[in-house]
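# Structure assessment
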Amino acid sequence: SGPRAGEGWRRDPHMTTNASDAFVFFGATGDLAHKKIFPALQALIRTGDLDMPIIGMARAGWTLERLRDRARDSLERNGGVDGEAFARLSAQLQYVDGDYADPATYRRLKHTLGAATRPLHYMAIPPSMFGTAVQGLASAGCASDARIIVEKPFGRDLASAQALNRTL
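These lines cover the structure that appears in this document, whether it is placed above or below. Computed from a predicted model, the values in this text were never measured in an experiment. (Residues numbered from 1 in each chain as written. Predicted model: local features only at pLDDT ≥ 70, side-chain atom pairs only at ≥ 80, totals over all residues. Heavy atoms only, no water.)

## As for the sheet that holds strand β3 (residues 93-97)
Going by this rule: Two strands form a pair only when DSSP identifies at least two bridges running between them. In this text, helices come from DSSP runs of H or I with a minimum length of four residues, and strands from runs of E with a minimum of two, each type numbered from the N-terminal end. Here the axes come from fitting lines to C-alpha atoms, over the contacting stretch only for helices, and the angles between their N-to-C directions go from 0 to 180 degrees.
In spatial order, the strands read β3-β2-β1-β4-β5; together these five strands make up an open sheet with parallel pairing. Each having just a single partner strand, β3 and β5 (147-150) make up the two edges of the open sheet. Each adjacent strand pair in this sheet contributes to an overall mean axis angle of 20°, direction not counted. For strand β1 (residues 22-26) and strand β2 (residues 54-58), the ladder comprises four bridges, and the chain directions are parallel.

Next comes the structure, spelled out in structure tokens:
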């Protein structure tokens, strides 16, 4: 396990103060993470464009070591493992396990974020969970000055998309 968010990571002097200082991805044990997110993270690390804590969130009952194994399997099946980049990914990777409807999950995330003040939250979870997750982030103080990216679809129809937009 690497430092908590905001502690000891290199900062790019050319980035603005509005840059994200932690990457949190919900659905870390799911198919989207396996097929797309882990390869993208390795590629960003390889190019030096992702030098911050990476926090996987899921409700799978996993450990950090199991998530690292899943990341390695993902890369082996989807483009290959770059030994140096994967070592850095593993060092930056952290894991928060819990139910997205449980406030304790977000308190654990808040603790893991540590000194991070501007996390980027990527929602690789079912759209029906977006509102629950965003409300959990807000109630734990993890949404102030944060960015939230939602995976499509954005609602089931116009009314549900408008309701989700209001929640966000």
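Now that the structure has been shown, we can carry on.
## Re helix α5 (residues 130-139)
Test applied: Only protein chains enter the accessibility calculation, which uses a 1.4 Å probe. A residue is then buried if its area is under 20% of the maximum for its type, exposed if over 50%, and partly exposed in between. Residue contacts follow a heavy-atom distance rule, with two residues in contact if any of their heavy atoms lie within 4.5 Å.
Residues of α5 that are buried include every one of Phe130, Gly131, Ala133, Val134, Gly136 and Leu137, and no others. Considering only its buried residues, α5 is in contact with β1, α4 (103-113), β4 (119-123), β5 and α6 (158-167). The first or second residue beyond α5 is Gly141, which carries a positive phi of 80°.

## Quick look at helix α1 (residues 31-46)
Applicable threshold: For a helix, the expected span equals 1.5 Å multiplied by the residue count minus one. To get the bend at a residue, fit one axis to the 7 residues ending there and another to the 7 starting there, then take the angle between the axes.
Compared with an ideal rise of 1.5 Å per residue, which puts 16 residues at 22 Å, α1 spans 22 Å between its outermost C-alpha atoms and is within 8% of the ideal. In α1, a bend of some 40° at Ile37 exceeds every other bend along the element, and Pro39, a proline, comes one to four places later. Along α1, the residues classified as buried are Ala33, His34, Ile37, Phe38, Pro39, Leu41, Gln42 and Ile45. Where α1 is buried, its residues touch β1, β2, α2 (64-77), α3 (83-92) and β4.

## Looking at unusual backbone geometry
Most peptide bonds take the trans form, and the phi angle of most residues other than glycine is negative. For Asp145, which is not a glycine, the phi torsion comes out positive at approximately 60°. As for its position among the elements, Asp145 is in the loop between α5 and β5. Its relative accessible area of 54% is what places Asp145 among the exposed residues.

## Comments concerning the packing of α1 against α3
As a reminder of what qualifies: Angular relationships are summarised with four words: roughly parallel below 35 degrees, roughly antiparallel beyond 145, roughly perpendicular across 65 to 115, and oblique for the angles in between. When residue character is reported, Ala, Val, Leu, Ile, Met, Phe, Trp, Tyr, Cys and Pro are called nonpolar, Asp, Glu, Lys and Arg charged, and the others, Gly included, polar.
Running from N to C, α1 and α3 point in directions that differ by 110°, and their axes come no closer than 9 Å. Taken together, the axes of α1 and α3 lie roughly perpendicular to each other. Of the residues in α3, those in contact with Phe38, Leu41, Gln42, Ile45 and Arg46 of α1 are Ala85, Phe86, Arg88, Leu89 and Gln92. When the residues that make up the contact of α1 with α3 are grouped by side-chain class, the tally is six nonpolar, two polar and two charged.

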